[in-house]
2 protein chains.
Amino acid sequence: MSRVYNFSAGPACLPEEVLKEAQEDLMDYKGKGMSVMEMSHRSKMFDDIIKTAEKDIRDLMGIPDNYKVLFLQGGAYQQFAAIPMNMMNKHHKAGYILTGQWATKAYKEAKIYGDAVALASSEDKTYSYIPDCSDLPITDDMDYVYICQNNTIYGTKFPTLPNTKGVDLVADVSSMFLSEPVNVNDYAVIYGGVQKNVGPAGLVIDIIRDDLITDEVYPGTPTMLKWKTQADKDSLFNTPNCWAIYICGLVFKWLKKQGGLAVMKERNEKKAKVLYDFLDQSKLFHGTVEKGSRSLMNVPFVTGDKDMDAKFVAEAADAGLLNIKGHRTVGGMRASIYNAMPIEGVLKLVDFMSEFEKKNLK
Amino acid sequence: MSRVYNFSAGPACLPEEVLKEAQEDLMDYKGKGMSVMEMSHRSKMFDDIIKTAEKDIRDLMGIPDNYKVLFLQGGAYQQFAAIPMNMMNKHHKAGYILTGQWATKAYKEAKIYGDAVALASSEDKTYSYIPDCSDLPITDDMDYVYICQNNTIYGTKFPTLPNTKGVDLVADVSSMFLSEPVNVNDYAVIYGGVQKNVGPAGLVIDIIRDDLITDEVYPGTPTMLKWKTQADKDSLFNTPNCWAIYICGLVFKWLKKQGGLAVMKERNEKKAKVLYDFLDQSKLFHGTVEKGSRSLMNVPFVTGDKDMDAKFVAEAADAGLLNIKGHRTVGGMRASIYNAMPIEGVLKLVDFMSEFEKKNLK
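Okay, so let's go over this structure. The structure displayed is predicted, hence computed values, not measured ones. By convention here, each chain's residues receive numbers from 1 onward along its written sequence. The order in which chains are written sets their letters, starting at A; the order in which ligands are written sets their numbers, starting at 1. Note on the predicted model: pLDDT of at least 70 is required for a residue's local features to be given, and 80 or more for side-chain atom pairs to be given and counted; whole-chain, interface and lining totals, by contrast, use all residues. Hydrogens are left out, water is left out, and the side-chain values use all remaining heavy atoms of the structure.

1. Side note on the pattern of salt bridges
All names here are of chain A.
And step 1. Any carboxyl oxygen of Asp or Glu that lies within 4 Å of a side-chain nitrogen of Lys or Arg is treated as forming a salt bridge with it. Considering all chains together, one arrives at 52 salt bridges over all chains under this definition.
And step 2. A salt bridge links Glu-16 to Arg-3, with the shortest nitrogen-to-oxygen separation between them at 3.2 Å. Placement of the pair is Glu-16 in helix 1 (residues 16–24) and Arg-3 in the segment before strand 1 (5–6), with a sequence separation of 13 residues.
And step 3. Asp-141 serves as the salt-bridge partner of Lys-93, at 3.3 Å between the closest nitrogen and oxygen. Taken together, the residues Lys-93 in strand 3 (residues 93–98) and Asp-141 in the loop between strand 4 (115–121) and strand 5 (145–148) connect sequence positions 48 residues apart. A run of H or I in DSSP becomes a helix once it reaches four residues, and a run of E becomes a strand once it reaches two; helices and strands are each numbered from the N terminus.

Below, the structure written as structure tokens:
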């Protein structure tokens, strides 16, 4: 089979150029006589890989010098604990904006470590919108305000960052990581699992303002969850996920070659527009998200008929459009159109939807 | 450059057959049109990969049905916390046998969560031997006894398991994982990072007797460090390190094809004997470990002259014998001769040592 168009929400498609380079170098990295998988994490070879990866993500995102970049394990879920363990250290209180399952899981985990306060929620409408965040009940005694900026399952994205009234902002950006420029200074911590928009599973990247990296952590914090442990050792306190760091490094190079995050944003807007424009005029399919809260990355849609949805998912797969089934809590379909999804994939999907509509609209 | 002989202590060499298969399938896994790195961890394809990997390691090690196999992130170091968090739940006390840096780090981490008692130590002679463990001060109120069964840095291995007087035994087997048959029933928990003898970095495999998987964990245990979290979801509570699980699965198949762990033990004994026999008659090089405590996997040796050691390491590298430098705490050299190191590599090393000795022995 030739390569398919893979609309998976994550792990998800990677740039073909990156995969080709990884394939060529798999047995013998740049003439070094060994695979990246076989390299000591203390070797000069791997040191070049991780240092270059860090430099490139700093360039891409414009990360200021007073922010540390950490390459960690355990996924975003482990950070759901690490964030309060490392940050709820002044008032033991933080505000959470509940825009989906992941934000809610982060909120519940934080409750183990302190007073996590729900500031707003869009649960009333199956998280299909982002609440108004211009004047939330944020108080000075909150150690931080937490958001999941793009919600993979529900296909929403914060149209603007919340007004945190001067409180530090922490954002999980897993499903929009490197999809558009961000102003890192707007955040205290910006972090995400890489397995959606950046690289293979098993790596989370934390970008943390350095004054937040401290010994003042929750009592009983495991050494591995204390940010300072890895910050002091440039993510090499113990053996990291070397392969994932290597692949992410290749993706960073690829992104630079494409023109950086401003270019990616243009492309992602263009791809999303193709799909949303089709949905907005379709008589069979419709999007599930309020227009002002739409994600550029994850586009859920339904026909309103479960059997029709299932038929569409099956026929799309036969046509090489894979992993288009929606999350069970939303139903229907979801197309994740991350950086590595070419516009050709989106155009093919829309053509297929259009044909399907003609055949199936009664 | 052609492939080198890589004596790294970890991440370390992998079987060439495994790397070749991974390379062939990198862009398009078994005609599925995508890389393993691009597969949803919830897909049928990945489910086959992880289920087959589990079945194969169960076959290889003869893991009884009442043991769970977990594929986790964070390395052995994270388990240094997870073990007391999950197991110090009756008497909040455990015994540790200190045979090297890693056992000592595990011991220090356990002290955060309860009364960790040092039962024995070989620190007096730079951990160059395994203490007599036939009658240690183990008491009934210890929740477990902990060992690091093979000590990567110092090149020692427990000649027999300690007499734990009926207390549950927990063993870190990272640097001897799958190198020889074990009787899993002798252990309550047997675990290790895979990046030494099994696969790429970023994955730790825990084999845990199922009565130890419980909700009775240390207060404030992060959800991700509670074994029950992953046990209840067959290691798919969140996105695991899919690529590492895939590569380990290929290594398990390779081990079965070689004839299983009994055959690997024979081979490993043969390889180690070649090196130890040479060391025992050499007038320039000598091993640093007491004979009864020698590891089959990690063989440290010195000339007794730092400049001579450095010269040897440099010349060996030029001859394609890489990563032979010893750990800074032992000095000299260390050859890690894991499962994937062919006997040809060891023979080449010994030939090289022999030639070097002829040229340099005054």
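So that's the structure; there's more coming.
2. Structural notes on unusual backbone geometry
Residues and elements named next belong to chain A.
And step 1. Put simply, Gly-10 and Pro-11 share a cis peptide bond, and its omega is -15 degrees.
And step 2. Here Pro-11 lies in the loop between strand 1 and helix 1.
And step 3. Phi at Thr-126 takes a positive value of approximately 45 degrees, unusual for a residue other than glycine.
And step 4. The topology assignment puts Thr-126 in the loop between strand 4 and strand 5.
And step 5. Positive phi is not limited to glycine here, since Asn-323 has a value of about 60 degrees.
And step 6. For Asn-323, the position within the fold is in the loop between strand 13 (321–322) and strand 14 (333–336).

3. Quick word on the interface of chain B and chain A
And step 1. In this analysis, two residues are considered to be in contact whenever any of their non-hydrogen atoms come within 4.5 Å of each other. Every contact between the two is made by 61 residues of chain B and, on the other side, 61 residues of chain A.
And step 2. Taking both partners together, chain B and chain A bury about 4800 Å²; carbon and sulfur atoms supply 59% of that area.
And step 3. It is Met-27, Met-37 and Glu-38 of chain B that lose the most area in chain B upon contact with chain A, and together they represent 15% of the buried surface on that side.
And step 4. A salt bridge links Arg-3 of chain B to Glu-38 of chain A; its shortest N-O distance comes to 2.8 Å.
And step 5. Of all the secondary structure elements, the ones that give two or more residues to the side of chain B that touches chain A are helix 1 (16–24), helix 3 (75–87) and helix 6 (242–258) of chain B.
And step 6. Considering every element that reaches the side of chain B that touches chain A, the biggest residue donor is helix 1 of chain B, with 6 residues.
And step 7. Residue type decides the class: Asp, Glu, Lys and Arg count as charged, Ala, Val, Leu, Ile, Met, Phe, Trp, Tyr, Cys and Pro as nonpolar, and the leftover types, Gly among them, as polar. Of the residues in the side of chain B that touches chain A, the class split is 30 nonpolar, 23 polar and 8 charged. Throughout, buried area stands for the accessible area (probe radius 1.4 Å) lost by two parts on being put together, summed over both.

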